[in-house]
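# Descriptive analysis of the structure
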Amino acid sequence: KQAIPIAIVLLGFGLDLQPLLESGQLGISFVLVVVGMLTAFGASMLFGRLCGLGPRASMLLGAGTAVCGNSAIMAVAPTVDATDEDVGLAIGVINLLGVLMVLALPPVVGAFGITGTDGGALAGLTVHAVPQAIATGEAFGPDAISMATVLKLLRVVMLAPVVFILAFVLRRVRQGGDVQARRASLPWFVVLFVLAAGMRALGWVDAPLKVAAESRAVWGWLQIAGTFILSIALAAIGIGLDVKTLIRVGPRFLVAGTLAVTAMVAALVPLVHWFL
């Protein structure tokens, strides 16, 4: 638990904002990202409730679907005061759905005439993790990779605003005397995540640093450290997950997550076709 915030900050150094600034469709891309994220959160809350999940568990699914998979779940968890079991189940479901999206999205949306750069855009707008989004974009052809990368990075950039908004809303929750929600505030590591991305954009961590026989930019080493720490944290959560809880609650998480990402894709397919 103590390592997760540090990993989130370190991953901020790996966020390259330059492709976003250079893209000629930043405005409409931002609109599509916001539409997709709102759909993902709304669908997660709706289907989570229908599947018997608590609001905090549904928020975790919404964050993982809307933003960037594991990192988003980890960042949102302390803000919504999620339990370890909810975090573990949400991560497991989001990772499984991310893999399924890589395999299923190209043939499914291809049947509706979404190909090429439009397919890459849809991959960047809907697939959960960054590597998965890029791999899915590649399935639509070499021209689609850059579109998938830019739109996925734009979703990752939205991590800080998402956490801030959730903290702002939960701080004003009064129903049922929810003390934890009233105390919710913007986590310190989200602020540092933004600062880390800013330092990368300004070139302050571009200096080469040689470790052993390999030379990388400072931000590259920081990103590797963040990825390593987050991987260890994910493994630790898996170790602490109760198998009985997984069997009892896991299928409900999977159904809610599947319906949420399906709603997200369905909402974005016509918008991508019309505007990109």
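Residues numbered from 1 in each chain as written. Predicted model: local features only at pLDDT ≥ 70, side-chain atom pairs only at ≥ 80, totals over all residues. Heavy atoms only, no water.

### Some points on the environment of Gly 14
Put simply, the rule reads: Helical segments are the DSSP runs of H or I of at least four residues, strand segments are the runs of E of at least two, and each set is numbered from the N terminus.
For Gly 14, the location among the structural elements is in the loop between α1 (3–12) and α2 (18–22). Spatially, the C-alpha atom of Gly 14 lies 11 Å from that of Gly 198, the residues being 184 residues apart in sequence.

### What about the pattern of salt bridges?
To keep things clear, this is the line we draw: Any carboxyl oxygen of Asp or Glu within 4 Å of a side-chain nitrogen of Lys or Arg constitutes a salt bridge here. Under the scheme applied here, a residue whose accessible area is under 20% of the maximum for its type counts as buried, over 50% as exposed, and between as partly exposed, the area being computed with a 1.4 Å probe on protein chains only.
Under the defined criterion, the tally for this structure stands at 1 salt bridge. A salt bridge links Arg 216 to Glu 214; its shortest N-O distance comes to 2.8 Å. Taking relative accessible area as the criterion, Glu 214 reaches 36% and is therefore assigned partly exposed.

### Let's talk about the pairing of strand β2 (residues 214–217)
The test is simple: For two strands to count as paired, DSSP must find a minimum of two bridges between them.
Both strand β1 (residues 208–211) and β2 contribute to a ladder of 4 bridges, which runs antiparallel. Bridging from a neighbouring strand, Val 211 pairs with Glu 214 of β2.

### Regarding the confidence of the model for the chain
Close inspection of predicted coordinates is inappropriate for parts of the model with low pLDDT. Definition in use: Confidence of the predictor in every single residue is expressed as pLDDT, which spans 0 to 100.
Of all residues in the chain, 91% attain a pLDDT of 70 or more, and the chain-wide mean is 85. Confidence scores differ between elements of the chain, with helix α11 (residues 179–183) showing the lowest mean pLDDT of 45 and helix α3 (residues 26–50) the highest of 94.

### Things to note about the packing of α1 against helix α12 (residues 188–202)
Quick reminder of the rule: An axis is simply a line fitted to the C-alpha atoms; with a helix, the fit covers only the stretch in contact. Between two such axes, the angle follows the N-to-C directions and lies from 0 to 180 degrees. For classification purposes, an angle smaller than 35 degrees is called roughly parallel, one larger than 145 roughly antiparallel, one from 65 to 115 roughly perpendicular, and anything else oblique. By convention, the crossing between two helices is left-handed when the near helix turns anticlockwise from the far helix through less than a right angle, and right-handed when the turn is clockwise. Two residues form a contact once any of their heavy atoms are found within 4.5 Å. Each residue gets one label: Ala, Val, Leu, Ile, Met, Phe, Trp, Tyr, Cys and Pro are nonpolar, Asp, Glu, Lys and Arg are charged, and the others, such as Gly, are polar.
For the pair α1 and α12, interaxial distance at closest approach is 7 Å and the crossing angle is 20°. With respect to their mutual orientation, α1 and α12 come out roughly parallel. In this structure, α1 meets α12 at a crossing whose hand is right-handed. Each of Pro 5, Ile 8, Val 9, Leu 11 and Gly 12 in α1 lies in contact with α12, whose residues at this interface are Trp 188, Phe 189, Leu 192, Phe 193, Ala 196 and Ala 197. Each residue belonging to the contact of α1 with α12 can be placed in one class, and the counts come to 10 nonpolar, 1 polar and no charged.

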